[in-house]
Amino acid sequence: MYHGLPLEYVLSAAETEQIQEALAGLRDSSPTPAQPAFYDRHWDAAAHLPPRLRGFLEHFRRTEPAAALVIHGFPVDDAAVGATPAHWADVPVDGPPLDQELFLAMVGTALGDPFTFSTLQLGRVVQNLLPIRGDELRQSGHGSECLLEFHTEDGFHPGRCDYLLLFGMRNDERVPTIVASVRDVKISDETADLLRTPRFLIRPDDEHVRQLQERHPGHPALAGMLRMQSDPEPVPVLSGDRERPYLRVDYPFMTCAGQDGAAQRALDELMEELERVQLDVVVDQGSLAVVDNYVAVHGRRPFRAAHDGRDRWLKRMIVSRDLRKTTPHASPGAARVLF
Ligand SMILES: [Fe+2]
């Protein structure tokens, strides 16, 4: 069986009811799930999830049985959530939280610590992925007409997330997310050896730099991102146990240190293998997908946006198993916000 094949979980009616009862206690919360302080206050939000679902998430966390999981069946009242916004900035950060955001927060706290980068969507923890007019060809969650190529989420950063969570608010055309597990690829020992040495440069993707340049050109995080862009530290692509490796890759933003032809060939071989073992995962309305960001790369197939309020709309969250990984990249007392 493919390691990339997601584990599936279908919420029962009784479980959905139990979750919605627990949500009632969080709906009036200030801060909201978009704000980092929400998770400081409601760090135990996961305690209210049904035990069977908590066990499922804990098994995924502890044993790495698959590259991804999908939880199906959380209700989305299509009329109540409104039209797909035209831009992420149109979604108010302190408005009443949607139940779907609270559910995402509960699942996020079951897997670890939700966090964010100050450079993306002004540091919101729950972010909105939707097609933005003018961004059709960008390598980001706001593109549409181009293939979003395989990448590790925030692969350039030592504090990249362990888990990427995507909740489907709307996906009428069932545009697939694509996932490939490093544990399905077949490469030679020689190639693996090359990929395990620090010969690769991964630069921050455009989105981190562009959003700050446009909105906060004086933000201190911008200088850090520009430094990572101009002077990236060489890193290995593969790490961990040889039988159960982890990977870190973002091909469109990568080069090999010192024009290393052998390293480049090894990277190309790995990318070809990831293509071969890729699987479609449709994040339907009401589904929550969790991608293991250490064992899988993900991307998205191209689609045509209509900009009519019915476009694909996902809520996104990133979760760390250990915020100590990122201490040098966060202010004291604000461990959930990296810059
Ligand atoms: Fe991504």
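Residues numbered from 1 in each chain as written. Predicted model: local features only at pLDDT ≥ 70, side-chain atom pairs only at ≥ 80, totals over all residues. Heavy atoms only, no water.

Here's the deal with the sheet that holds strand E12 (residues 279-282)
The four strands are arranged E5-E14-E7-E12 in an open sheet whose pairing can be described as antiparallel. Only two strands of the sheet have a single partner each, and these edge strands are strand E5 (148-151) and E12. Strand-to-strand twist in this sheet, taken as the mean axis angle between neighbours without regard to direction, amounts to 25°. Examined bridge by bridge, E5 and strand E14 (residues 296-300) share two bridges and lie antiparallel to one another. Pairing of Leu148 across the sheet is with Arg300, part of E14. Along the sheet, helix H9 (residues 261-276) makes contact with E5, strand E7 (176-181) and E14, crossing E5 at roughly 110°. (Pairing = 2+ DSSP bridges. Helix = DSSP H or I, 4+ residues; strand = E, 2+ residues; numbered from the N terminus. Axes fitted to C-alpha atoms, helices over the stretch in contact; angles between N-to-C directions. Contact = heavy atoms within 4.5 Å.)

As for the coordination of the iron ion
Coordination sphere of the iron ion, protein contribution only: His151 (NE2), Glu153 (OE) and His298 (NE2), at 2.0 to 2.2 Å. Mapping the donors of the iron ion onto the primary sequence yields the spacing H-x1-E-x144-H. Note that His151 is positioned in strand E5 and His298 in strand E14, a separation of 147 residues in sequence. Of the residues examined, His298 reaches a relative accessible area of 6% and is grouped as buried. (Donors = N, O, S within 2.8 Å, 3.2 Å for Na, K, Ca; no water. Buried < 20%, exposed > 50% of the residue type's maximum accessible area, 1.4 Å probe, protein only.)

Focus on unusual backbone geometry
The omega angle of the peptide bond from Ser30 to Pro31 is 5°, so this bond is cis rather than trans. Note on placement: Pro31 falls in the loop between helix H1 (13-24) and helix H2 (37-41). Positioned with a positive phi, Gln121 is a non-glycine residue whose angle comes to about 45°.

What about the UniProt feature "domain: TauD/TfdA-like" (unreviewed entry) in the chain?
The positions UniProt marks with the feature "domain: TauD/TfdA-like" (unreviewed entry) are residues 229-317. Secondary structure within residues 229-317 divides into 20% helix and 31% strand; the distance between the first and last C-alpha atoms comes to 24 Å. (UniProt positions renumbered as here; feature names shortened; annotations may be inferred.)

Some details on helix H3 (residues 51-63)
Taking 1.5 Å as the rise per residue, H3 with 13 residues should run 18 Å; its terminal C-alpha atoms sit 18 Å apart, in good agreement. In this structure, the buried residues of H3 make contact with strand E1 (7-10), strand E2 (68-72), helix H5 (99-111), strand E6 (163-170) and strand E13 (288-292). Directly beyond the C-terminal end of H3, a positive phi value near 50° is found at Glu64. (Expected span 1.5 Å × (residues − 1).)

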